[in-house]
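Below, each chain spelled out in residue letters.
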Amino acid sequence: AASCERLSPAAFEVSVREAPVIVRESFSLSELNEMSAQFRRPAAHPVFGFYAATVGYALSRIEVLGERLAPGNRVCPQFSIKAELVAVDRRIEVAKDLSNVPCRRQAAIEHYQHHATAASLALHRFALELPGTLAPDIYRRMQDDPRSHQVQQIALEKYVEDRLSHAVKTFSASLIEI
């Protein structure tokens, strides 16, 4: 039997919006090393700063469009989802002690810019993979649902919100390793 995904592909769009990266000097070298020891495994190199961002999402459309009857009287839902992944508060923190050592400060900024670029690439890859990851679950959840169109709509909104929230939290946790 053909899958619902092939008979009735979802319109599932995920875009990415990122705030610009800013550079701050909020912590001393000793504070940064203390933070590194608290939150991570030992650093592979001296800690002169870090890159951080907050990743979230916004759903602009979740809609049950109807259904399509597949062979064997199997009901395949048709739906449309539009989501935006957002990276805000993107910052490179560099030790304020480095303001007296311009070459080292610049090298630290360039190093953590690589972290920011890697995180950005990971976010874009995540956005590309997300529809293929979530759509099969949504089809399984919605398939053969005898409830009314309005109840399906409410169920879809809650389910997509829960799955997207979980996916973004998991992704955000993975950024610590970048």
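Up top is the structure.
### A short note on the overall build of the chain
Part 1 of the argument: For the chain, the count of helices and strands is four helices and four strands.
Part 2 of the argument: The order of helices and strands in the chain, counted from the N terminus, is α-β-β-α-β-β-α-α.
Part 3 of the argument: Sequence-distant contacts in the chain: of pairs separated by 6 or more residues, those separated by 24 or more amount to 79%.
Part 4 of the argument: Accessible surface for the chain amounts to roughly 10300 Å². Of this, 54% is attributable to carbon and sulfur atoms.

### Re the packing of aromatic side chains
Part 1 of the argument: Tallying each qualifying case throughout the model produces two aromatic pairs.
Part 2 of the argument: With a centroid separation of 6.1 Å and 40 degrees between ring planes, the pair formed by Phe27 and Phe50 is classed as tilted. Residue Phe27 is found in the loop between β2 (22-24) and α2 (29-39), and its partner Phe50 is found in strand β3 (residues 49-70); the two are separated by 23 residues along the sequence.
Part 3 of the argument: Both rings, one in Phe126 and one in Phe171, keep their centres 4.6 Å apart while their planes meet at 15 degrees; by these two values the pair is stacked.

### A word on empty space enclosed by the protein
Part 1 of the argument: This model, assessed by the stated rule, comprises one cavity of 30 Å³ or more.
Part 2 of the argument: The calculated volume of the largest cavity comes to roughly 50 Å³.
Part 3 of the argument: Along its surface, the largest cavity is lined by Glu18, Tyr51, Ala53, Val55, Ala87, Arg90, Ala119, Ser120, Leu123, Phe171 and Leu175.
Part 4 of the argument: Across the lining of the largest cavity, the residue classes tally to eight nonpolar, one polar and two charged.

### Some points on the pattern of salt bridges
Part 1 of the argument: With the rule as written, the count across this model stands at seven salt bridges.
Part 2 of the argument: For Arg61, the salt bridge goes to Glu13, with nearest N and O atoms at 3.0 Å. In this pair, Arg61 sits in strand β3 while Glu13 sits in strand β1 (residues 11-18), placing the two residues 48 residues apart along the sequence.
Part 3 of the argument: We classify Glu13 as partly exposed; its relative accessible area is 39%.

### A closer look at the environment of His124
Part 1 of the argument: Within the secondary structure, His124 is located in helix α3 (residues 102-142).
Part 2 of the argument: C-alpha of His124 to C-alpha of Leu85: the two residues are 39 residues apart in sequence and 8.8 Å apart in space.
Part 3 of the argument: Ignoring anything within four residues of it in the chain, the contact list for His124 reads Val16 and Glu18.

### Brief notes about the nonpolar core
Part 1 of the argument: Of all hydrophobic cores here, the largest spans 42 residues; its most connected members are Leu85, Phe126, Leu130, Ile138 and Leu156.
Part 2 of the argument: Counting residues per element, the ones that place at least two in this core are β1, β3, β4 (74-94), α3 and α4 (149-174).
Part 3 of the argument: The greatest single-element share of this core, amounting to 15 residues, is contributed by α3.

Procedures and definitions
Residues numbered from 1 in each chain as written. Predicted model: local features only at pLDDT ≥ 70, side-chain atom pairs only at ≥ 80, totals over all residues. Heavy atoms only, no water. Helix = DSSP H or I, 4+ residues; strand = E, 2+ residues; numbered from the N terminus. Contact = heavy atoms within 4.5 Å. Areas by Shrake-Rupley, 256 points an atom, 1.4 Å probe, with all protein chains shown as cover. Phe/Tyr/Trp six-rings, centres within 6.5 Å; stacked < 30°, edge-to-face > 60°. 1 Å grid on protein atoms, 1.4 Å probe; cavity = no way out; pocket = protein on both sides within 12 Å on 5 of 7 lines; lining within 4 Å. Points joined across faces, edges and corners; volume = space filled by probe spheres on them. Nonpolar A, V, L, I, M, F, W, Y, C, P; charged D, E, K, R; others polar. Salt bridge = Lys/Arg side-chain N within 4 Å of Asp/Glu carboxyl O. Buried < 20%, exposed > 50% of the residue type's maximum accessible area, 1.4 Å probe, protein only. Core = buried A, V, L, I, M, F, W, Y, C linked by side-chain atoms within 4.5 Å.

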